[in-house]
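An overview of the molecular structure
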Amino acid sequence: MFEYVTAGESHGRGLLCIVRGVPAGFQLRPGDIDRELSRRQLGYGRGGRMKIERDRVQLISGVRHGRTLGSPVGMMIENRDWSNWSEEMSVEDGSAEPVVQPRPGHADLAGACKYGHRDLRNVLERASARETAARVAAGAVAAVILRGFDIWVMSWVCCIGTVEADGEPAGPSDCSRRSAWRSWRSREEQTMLRCPDAEAERKMVGEIDQAARVGDTLGGVIQTVACGIPPGLGSYASRDRRLDGRLAAAVMSVPGIKGVEIGAGFRAARSVGSQVHDPILPSGPDGDVGFCRESNRAGGLEGGVTNGEDVVVRAAMKPIATLGQPIASVDIETGRAAEAHRERADVCAVPAAGVVVEAEVAFEIAAAFVRKFGGDSKDEIKANYRSYREGLP
Ligand SMILES: Cc1cc2nc3c(=O)[nH]c(=O)nc-3n(C[C@H](O)[C@H](O)[C@H](O)COP(=O)(O)O)c2cc1C
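Predicted model, so just to flag it, every value in this text is computed and none were measured. The written sequence of each chain sets the order in which its residues are numbered from 1. Confidence filtering applies because this is a predicted model: local features only for residues at pLDDT of at least 70, side-chain atom pairs given and counted only at 80 or more, and all residues used for totals across whole chains, interfaces and linings.

All right, on to the site of the ligand then. Only the C-beta atom matters for this test: placed from the backbone, it must lie within 6 Å of a molecule or strand for the residue to be near it. Taken together, 20 residues are adjacent to the ligand, and Ala129, Pro255, Thr322, Ala345 and Ala349 come closest. A run of DSSP states H or I qualifies as a helix once it reaches four residues; a run of E qualifies as a strand once it reaches two. Both are numbered from the N-terminal end. For the shell around the ligand, the element with the highest residue contribution is helix H11 (residues 350-373), accounting for 3 residues. Grouping the amino acids of the shell around the ligand by side-chain chemistry returns 12 nonpolar, 6 polar and 2 charged. Residue classes follow a fixed rule: Ala, Val, Leu, Ile, Met, Phe, Trp, Tyr, Cys and Pro count as nonpolar, while Asp, Glu, Lys and Arg count as charged, and any other residue, Gly among them, counts as polar.

Right under this line is the structure:
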């Protein structure tokens, strides 16, 4: 099983991530992970915290001389802000002023009810999206495996607030998958919001400024595309192995994500079958068996199984729940009306959430890939993959 677990509180000493089931023989260097961590920290509209943190991974286990060993990959990311919180977040006995005014839209109240906490900090420290840095580290390990088989996962912002972007970064039809991925990566660095449409991005920045001025927040939509995917990942045979279901669950588990679409998604529901399903066309010369599709409204998945087209996942993020101008709440000690707790927060975190969604998509695809072509080492997976491809029509 290729899987990961994370630990760590937002203002604790740091974040931990252990990835199990990483096959041996993949080249993995801290730089592969650090690059992804710094992408998660960027984006116009982030709060003060990201100015403090400079996320860097320490590879603790599972790698020797730059290659994976087949043992669990253990990673740690320090919280620089911990030095300002070491008393408040001490693991030793201690006391701190409790947080008692739950933020609507956050885990504060539901989490306090569930775990019996009277200090909401005990909830918000773990529910905070700081944890997603550890998820991005896990996704970076997955991406290294996928790249070894020419599978590339990329994402971009297609909507913030009321502004919709037009167009996509260069797709795989324009050039090789690898160079399409590379070219968007280098363009992405020049953008403010990871949006490929410069005009739309300018308007998005305007909406973020306006929201910040009035103490409000914004959400948006992210698109993720995985290209180079072979047919046959996932399975229709049992519910827990359907890859569409696994992707939706993984993406929905990202804090703040409230909607997930595969392919045409909700738009398909408002159309007719003949306009939605992708015709299967012959591709080989006469006498040869070969298929192709000229459209990909299925988003690369039919029956929970990849069909060889790009896997396309869109995710909708709600506006951030911590408002500069707090909304109504109740003090859980006194029962009286109160303003929601204020915590340092982002006005808009859609670009960063996109990096987390991309990591989740990469992880689920890598898990399905390792399951299908599984082996203990890169060479074994390579041999299995080659023989499978040779048998495909
Ligand atoms: C990268 C990222 C950054 C986020 N930053 C904040 C933030 O600064 N303040 C906040 O209240 N919520 C932020 N969120 C969203 C909350 O973590 C999320 O709304 C909260 O945990 C409740 O979970 P839910 O929205 O999924 O119900 C962020 C989410 C992501 C993915």
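Another aspect to go through is the nonpolar core. Counting residues in hydrophobic clusters, the biggest one holds 91 residues, and the most contacted among them are Ala137 and Ile365. Counting residues per element, this core draws most heavily on H11, which supplies 16 residues. By definition, residues are in contact whenever their C-beta atoms, placed on the basis of the backbone, come within 7 Å of each other. Sequence-distant contacts of alanine 137, defined by excluding residues within four places in its chain, comprise Cys17, Ile33, Leu37, Val57, Met75 and Ile77. What makes a nonpolar core is a set of buried Ala, Val, Leu, Ile, Met, Phe, Trp, Tyr and Cys residues, with links drawn between C-beta atoms within 7 Å. Three exposure classes are used. Buried residues have 20 or more other C-beta atoms within 10 Å of their own C-beta, exposed residues have 12 or fewer, and partly exposed residues fall in between, all C-beta atoms being placed from the backbone. If you look at the next biggest cluster of nonpolar residues, it comprises 6 residues, including Leu120, Val123, Leu124 and Ile332.

Our next topic: the environment of leucine 69. You can see leucine 69 is positioned in the loop between strand S5 (67-68) and strand S6 (73-78). Beyond its immediate chain neighbours, meaning those up to four positions away, leucine 69 contacts Ala24, Gly62, Val63 and Arg64.

The sheet built from 5 strands is open, its strands ordered S8-S7-S9-S15-S10 with antiparallel pairing. Of all strands in the sheet, those bounded by a partner on one side alone are strand S8 (163-164) and strand S10 (257-262). In this scheme, strands are said to pair when DSSP sees at least two bridges between them. As paired strands, strand S9 (residues 220-227) and strand S15 (residues 311-317) are joined by 7 bridges and run antiparallel to one another. Across the sheet, threonine 224 pairs through a bridge with valine 313, a residue of S15. To define axes, lines are fitted to C-alpha atoms, for helices over the stretch in contact only, and angles between the resulting N-to-C directions are given on a 0 to 180 degree scale. Against the sheet, helix H6 (residues 177-190) touches strand S7 (152-160) and S9, its axis set at about 45 degrees to S7.

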